[in-house]
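Next come the chains, spelled out residue by residue.
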Amino acid sequence: MQTPPRTQISLEESIRRLYNRIERETSGAASSETHVLAVDNKIIVVARGVPVDKSPAYEQTLRSEFASELGCRVESLRTRISLADDEKMEIFVLSRPL
């Protein structure tokens, strides 16, 4: 009996899942809506539906988890860019293209 083939998820979907997992771990909740754009060595995440996390561990957790998962350094990270009361943006610049 053959097992069904595993569905390959996109890079953006993989990053979205990672980001939401980190949100849950650091703030206890994940955004209700998360959009990811990954181009060259940059990742932009726009998240809605959760307050901006102000914990000091948040940025360090983003850096270390993204570096570990993607296999490269996070050269630059702009976090908690407020777009609205419940909407934020994060910008990652990586040490290599994705």
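Anything mentioned here points back to the structure above.
Bear in mind the structure is a predicted one, so any value in this text is a computation, not a measurement. (Residues numbered from 1 in each chain as written. Predicted model: local features only at pLDDT ≥ 70, side-chain atom pairs only at ≥ 80, totals over all residues. Heavy atoms only, no water.)

Taking 1.5 Å of rise per residue, 17 residues should cover 24 Å, and helix α1 (residues 11–27) covers 24 Å from first to last C-alpha, within 8% of that figure. Considered for burial, the residues of α1 that qualify are Ile15, Leu18, Tyr19, Asn20, Ile22 and Glu23. Contact partners of the buried residues in α1: β1 (33–39), β2 (42–48), α2 (57–70) and β4 (87–94). (Helix = DSSP H or I, 4+ residues; strand = E, 2+ residues; numbered from the N terminus. Expected span 1.5 Å × (residues − 1). Buried < 20%, exposed > 50% of the residue type's maximum accessible area, 1.4 Å probe, protein only. Contact = heavy atoms within 4.5 Å.)

Moving on: the environment of serine 14. Relative to the assigned elements, serine 14 resides in helix α1. Taking relative accessible area as the criterion, serine 14 reaches 26% and is therefore assigned partly exposed. With 22 residues separating them in the primary sequence, serine 14 and valine 36 have C-alpha atoms 9.6 Å apart.

Moving on, we get to unusual backbone geometry. With a phi close to 55°, aspartate 40 is a non-glycine residue in the positive phi region. With respect to the helices and strands, the residue aspartate 40 is situated in the loop between β1 and β2. One non-glycine residue, arginine 80, lies in the positive phi region at around 55°. Mapped onto the elements, arginine 80 comes out in strand β3 (residues 74–84).

Attention now moves to the side chain of threonine 61. Relative to the helices and strands, threonine 61 is located in helix α2. On the accessibility criterion, threonine 61 (18% relative accessible area) is buried. Among residues more than four places away in sequence, those in contact with threonine 61 are Ile22 and Thr26.

What follows deals with the nonpolar core. Among the nonpolar cores identified, the biggest contains 18 residues, and Tyr19, Ile43, Leu62, Phe66, Phe92 and Leu94 are the most heavily contacted of them. Of all elements in the fold, only α1, β1, β2, α2, β3 and β4 reach the threshold of two or more residues within this core. Not counting chain neighbours up to four residues away, the residues in contact with isoleucine 43 comprise Ile15, Val36, Leu37, Ala38, Phe66, Leu70, Glu90, Ile91, Phe92, Leu94 and Leu98. (Core = buried A, V, L, I, M, F, W, Y, C linked by side-chain atoms within 4.5 Å.)

The strand order β1-β2-β4-β3 describes an open sheet built from 4 strands, whose pairing is antiparallel. Whereas interior strands pair on both sides, the edge strands pair on one side only; in this sheet they are β1 and β3. Taking the axes of each pair of neighbouring strands and ignoring which way they run, one obtains an average angle of 10° across the sheet. Note: β3 against β4, 7 bridges, orientation antiparallel. Bridged to valine 74 within β4 is leucine 94. Strands in contact with α1 are β1, β2 and β4; relative to β1, the strand with the most contacts, it is inclined by about 130°. Across the sheet, α2 lies against β2, β3 and β4, angled at about 130° from β3, the strand it touches most. (Pairing = 2+ DSSP bridges. Axes fitted to C-alpha atoms, helices over the stretch in contact; angles between N-to-C directions.)

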